[in-house]
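# Residue-level structural notes
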Amino acid sequence: MTFPHVRPRRLRTTPAVRRLVAEVSVEPRQLVLPMFVRDGIDAPLPISSMPGVVQHTPDSLRAAAEEAVREGVGGIMLFGVPDDADKDAEGSASWNPDGVLNRGLRALRDDLGDATVIMADTCLDEFTSHGHCGVLDGAGRVDNDATLERYALMGVAQADAGAHMLGPSGMMDGQIGVLRSALDAAGHQDVSLFAYTAKYASPFYGPFREAVGSSLQGDRRTYQQDSANRRESLRELELDLAEGADIVMVKPAMSYLDVLADVAAASPVPVGAYQISGEYAMITAAAQNGWIDRDAAIRESLLSIRRAGADIVLTYWAAEAAGWLKRGTW
Ligand code: PBG
């Protein structure tokens, strides 16, 4: 009796055979590092809810970005943390050429040129006094179309500052089309749009509030997607493609791998996924408690996001994981 003949375990017997048959892998070029630059500090400031991640000074940003590029990351997504005094109801510091984010972009582009892809978060929440991604109407609701006008100003200022790619993350209807028109009118035809296409309202953004010093009043449920919904992401995909998105994104990543798989199957353009602050914090906290193996959990999480269909992964571990890959310690 020699049964079973078919033994899937044969392809799991050694590390070499597992490596041979692995369906997906991670490469440094696929990893994008989100970074924070802050005004008014003279040393990098740790973010307590994201152990290992800091708010950078303009100088430490440049050094850390160069290091990440040496490790081979595919890009850098920059967020600005303005002084509280520079926040207002409109988020006007976001389109000031001397605002913290635009100065950071200029510094990165000066240092790095085209050696990596410099991306900018195009969203008002870091810059508004109320912490919403847009401006509010008289009743305190986020006003979609009035917000689009500000996104256009912000996006052009970011392109002027040297961003190769904008990441509109506010989930306003029409944001991709408005940014495309504004960039083209300003002569920035080659600046591309990495659209946050399917962005869900989620408690997993919690640590990001501390990262950008924002105290959101209320929630985002009137403009970000409801976690009960899957199909609606395909509608968002159609719209963003029609409006001119160059790359599309699903966010958060780990709670939305089904959505990511749907979008990846339907998208004719590259697909990204953002492993957000709360995902980072969960793995880090569990590892600090000795409950999980940190590095193995990071590897598995990144592989699962690739397996679900992401071509590009935004992760706070981008530089570290790229280093493992480069040195063969993945
Ligand atoms: C909006 C923006 C956010 C993130 C990326 N762009 C925050 C939010 O929508 O609440 C999330 C990043 C993270 O949580 O790691 N500026």
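Here the structure is shown first, and the text comes after it.
None of these values were measured; they are calculated from a predicted model. (Residues numbered from 1 in each chain as written. Predicted model: local features only at pLDDT ≥ 70, side-chain atom pairs only at ≥ 80, totals over all residues. Heavy atoms only, no water.)

Turning to helix H3 (residues 100-112), a few remarks are in order. Taking 1.5 Å of rise per residue, the 13 residues of H3 would be expected to cover 18 Å, and the 18 Å separating its terminal C-alpha atoms lies within 8% of that figure. Of the positions making up H3, those classed as buried are Val-100, Leu-101, Asn-102, Gly-104, Leu-105, Ala-107, Leu-108 and Leu-112. Residues of H3 that are buried make contact with strand S1 (31-38), helix H2 (58-71), strand S4 (75-81), strand S5 (117-122) and helix H4 (144-161). (Helix = DSSP H or I, 4+ residues; strand = E, 2+ residues; numbered from the N terminus. Expected span 1.5 Å × (residues − 1). Buried < 20%, exposed > 50% of the residue type's maximum accessible area, 1.4 Å probe, protein only. Contact = heavy atoms within 4.5 Å.)

Attention now moves to the packing of aromatic side chains. Working definition: an aromatic ring pair is given by the centre-to-centre distance plus the angle between the planes. In total, this model carries 10 aromatic pairs according to the counting rule given. Judged by centre distance (6.3 Å) and plane angle (45 degrees), the ring pair of Tyr-196 and Tyr-274 falls under tilted. Here Tyr-274 lies in strand S9 (residues 271-274) and Tyr-196 lies in strand S7 (residues 192-199), a separation of 78 residues in the sequence. For the pair Tyr-280 and Tyr-316, a centre-to-centre distance of 5.9 Å together with 75 degrees between the ring planes defines the contact as edge-to-face. You can see Tyr-280 sitting in helix H9 (residues 277-288) and its partner Tyr-316 sitting in the loop between strand S10 (312-314) and helix H11 (318-327), a full 36 residues away along the chain. (Phe/Tyr/Trp six-rings, centres within 6.5 Å; stacked < 30°, edge-to-face > 60°.)

This part is about unusual backbone geometry. At the junction of Phe-3 and Pro-4, the peptide bond is cis and its omega measures out at 0 degrees in the coordinates. With respect to the helices and strands, the residue Pro-4 is situated in the segment before helix H1 (15-21).

Glancing now at the pairing of S9. Because side chains alternate across S9, one face comprises the buried residues Val-271 and Ala-273, and the other comprises Gly-272 and Tyr-274, equally buried. Examined bridge by bridge, strand S8 (residues 247-251) and S9 share 3 bridges and lie parallel to one another. Note on S9: the bridge partner recorded for Val-250 is Ala-273. Handedness of the crossover joining S8 and S9 through helix H8 (residues 257-266): right-handed. With 3 bridges connecting them, S9 and S10 associate as parallel partners. Bridge pairing links Ala-273 to Val-313 in S10. (Pairing = 2+ DSSP bridges. Right-handed = clockwise from strand over helix to strand, strands pointing away.)

Turning next to the pairing of strand S6 (residues 165-168). Residue alternation in S6 divides its side chains into two sets, Met-165 and Gly-167 and Leu-166 and Pro-168, and both sets are buried. Across 4 bridges, S5 lies against S6 in parallel orientation. Its bridge partner lying in S6, Thr-122 is registered against Pro-168. Once you follow S5 into H4 and on to S6, the crossover reads as right-handed. Judged from the 2 bridges that link them, S6 and S7 form a sheet pairing that is parallel. What sits directly across from Leu-166, in S7, is Leu-193.

This paragraph deals with H8. Buried within H8 we find Val-259, Leu-260 and Val-263. Buried positions in H8, seen along its axis, are confined to an arc of 100 degrees and lie on one side of it. (Arc of directions from axis to C-beta.)

What follows deals with the side chain of Glu-236. On the secondary structure map, Glu-236 appears in helix H7 (residues 232-243). Lacking a salt bridge, the buried Glu-236 has Arg-235 as its closest oppositely charged neighbour, with an N-O distance of 7.1 Å. (Lys, Arg positive; Asp, Glu negative; His and termini not counted. Salt bridge = Lys/Arg side-chain N within 4 Å of Asp/Glu carboxyl O.)

Contacts to the ligand come from 18 residues, most closely from Asp-125, Lys-199, Arg-209, Arg-220 and Tyr-316. Contact between the ligand and Asp-121: a nitrogen atom at 2.7 Å from a side-chain N or O atom of the residue. Separating a nitrogen atom of the ligand from a side-chain N or O atom of Ser-169 is a distance of 3.3 Å. With the chains in place, 100% of the 400 Å² that the ligand exposes on its own is no longer accessible. For the shell around the ligand, the secondary structure elements donating two or more residues are S7 and helix H6 (206-211). Of the residues assigned to the shell around the ligand, the class counts are 8 nonpolar, 3 polar and 7 charged. (Near = heavy atom within 4 Å. Polar contact = N/O pair within 3.5 Å; in protein donor to acceptor, adjacent residues only side chain to side chain. Areas by Shrake-Rupley, 256 points an atom, 1.4 Å probe, with all protein chains shown as cover. Nonpolar A, V, L, I, M, F, W, Y, C, P; charged D, E, K, R; others polar.)

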